[in-house]
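# Architecture at a glance
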Amino acid sequence: EERVHVGATGCDIITAEISQKTKSIPSFFMDRFEVSQDEYNQCRKAKICRQYGPNWKIGPSPATGINQKQAAAYCRWAGKRLPTFEEWLYATRGPGSRSVFPWGNLPLKSDSGYRANLGRFRRKGGAPFRGDGHKYVAPVNAFKDIQTPFMVANLVGNVREWTSTEKGGRFRLAG
């Protein structure tokens with residue numbers, strides 16, 4: 001398991017700019033990659049987690065088809081927790097970052113390929129755009145060299161991530 005420490009050590013405070021306000025965020029850990037379907041299936045086998053939607057069977061694909069409650073249950077089972085929306089944002093952008101994307105200001109596509117899985121599905125049938133080389137979701141480590149300032153991968157694109165932050169009675173999705 002690869003985890004990345006985001007922020008300062010121990011009980012030090014890190015500062016993140018959120019919605020043009022400065023807010024202190026205690027240090028936290030975040031996994032380097034999304035939770036894979038294989039990892040989530042271990043929680044299902046333990047009869048702790050459930051799945052409601054598609055279970056992609058494409059290599060180490062990210063876990064999908066789960067709601068916020070199930071994402072939180074998986075995290076508890078794994079001895080972790082969901083990040084707050086502010087923690088997710090800080091891990092994505094880094095300290096004081098004004099970059100457009102987690103990987104900086106470079107465009108989505110480069111000569112060597114895409115930097116994220118940002119395909120768009122079209123309504124009423126139509127084929128999805130998959131210029132990034134992945135028909136649906138990409139494996140959790142597909143863009144491992146395209147990272148945030150804290151070396152976390154896939155915080156934009158691929159699948160959306162749940163957070164523990166509620167707004168207006170609903171949990172906020174990230175990514």
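Everything below is about the structure shown above.
Since the model is a prediction, treat every value here as computed from it, not as a measurement. (Residues numbered from 1 in each chain as written. Predicted model: local features only at pLDDT ≥ 70, side-chain atom pairs only at ≥ 80, totals over all residues. Heavy atoms only, no water.)

## Considerations on the overall build of the protein
Looking only at helices and strands, one finds three helices and eight strands in the protein. What you see in the protein, going N to C, is helices and strands ordered as β-β-β-β-α-α-α-β-β-β-β. The buried share of the protein, taken over its 175 residues, is 42%. Taking as baseline every contact in the protein between residues at least 6 positions apart, the subset at least 24 positions apart corresponds to 55%. Carbon and sulfur atoms make up 52% of the accessible area of the protein, which amounts to about 10,500 Å² in all. (Helix = DSSP H or I, 4+ residues; strand = E, 2+ residues; numbered from the N terminus. Buried < 20%, exposed > 50% of the residue type's maximum accessible area, 1.4 Å probe, protein only. Contact = heavy atoms within 4.5 Å. Areas by Shrake-Rupley, 256 points an atom, 1.4 Å probe, with all protein chains shown as cover.)

## What about the packing of helix α1 (residues 37–45) against helix α2 (residues 68–77)?
Where α1 contacts α2, the two axes come as close as 10 Å, and the packing angle between them is 85 degrees. Judged by the inter-axis angle, α1 sits roughly perpendicular to α2. Side by side, α1 and α2 meet where E39, Y40, Q42 and C43 of the first sit next to Q70, Y74 and W77 of the second. Tallied by class, the residues present in the contact of α1 with α2 amount to four nonpolar, two polar and one charged. (Axes fitted to C-alpha atoms, helices over the stretch in contact; angles between N-to-C directions. Parallel < 35°, antiparallel > 145°, perpendicular 65-115°, else oblique. Nonpolar A, V, L, I, M, F, W, Y, C, P; charged D, E, K, R; others polar.)

## Comments concerning the nonpolar core
One finds I25, F28, M30, F85, W88, L89, Y90, A91, F150, V152 and L155 forming the largest nonpolar core, which totals 11 residues. Taken together, the elements giving at least two residues each to this core come down to β4 (28–31) and α3 (85–93). The element contributing the most residues to this core is α3, with five residues. Counting 10 residues, the second-largest nonpolar core is a separate cluster that includes C49, A71, A72 and L82. (Core = buried A, V, L, I, M, F, W, Y, C linked by side-chain atoms within 4.5 Å.)

## Structural notes on α1
Those residues of α1 lying buried are Q37, Y40, N41 and C43. Down the axis, α1 shows its buried residues gathered within 155 degrees of arc, on one side only. Considering only its buried residues, α1 is in contact with α2. Just beyond α1, the residue with positive phi is K47, at close to 60 degrees. (Arc of directions from axis to C-beta.)

## What about α3?
The element α3 is largely enclosed, with a buried count of eight among its nine residues. All of the buried residues along α3 are F85, E86, E87, W88, L89, Y90, A91 and T92. Just beyond α3, the residue with positive phi is G94, at close to 85 degrees.

## Focus: the side chain of Q70
Relative to the helices and strands, Q70 resides in helix α2. Aside from chain neighbours lying at most four places away, what touches Q70 is Y40, I48, C49, R50 and Y52.

## Side note on the side chain of T92
As for its position among the elements, T92 is in helix α3. Given a relative accessible area of 5%, T92 falls into the buried group. A polar contact of 2.8 Å, which involves the side chain of T92, links it to the backbone oxygen of W88. Ignoring any residue separated from it by four or fewer positions in sequence, one finds T92 in contact with P102, T148, P149, L155 and V156. (Polar contact = N/O pair within 3.5 Å; in protein donor to acceptor, adjacent residues only side chain to side chain.)

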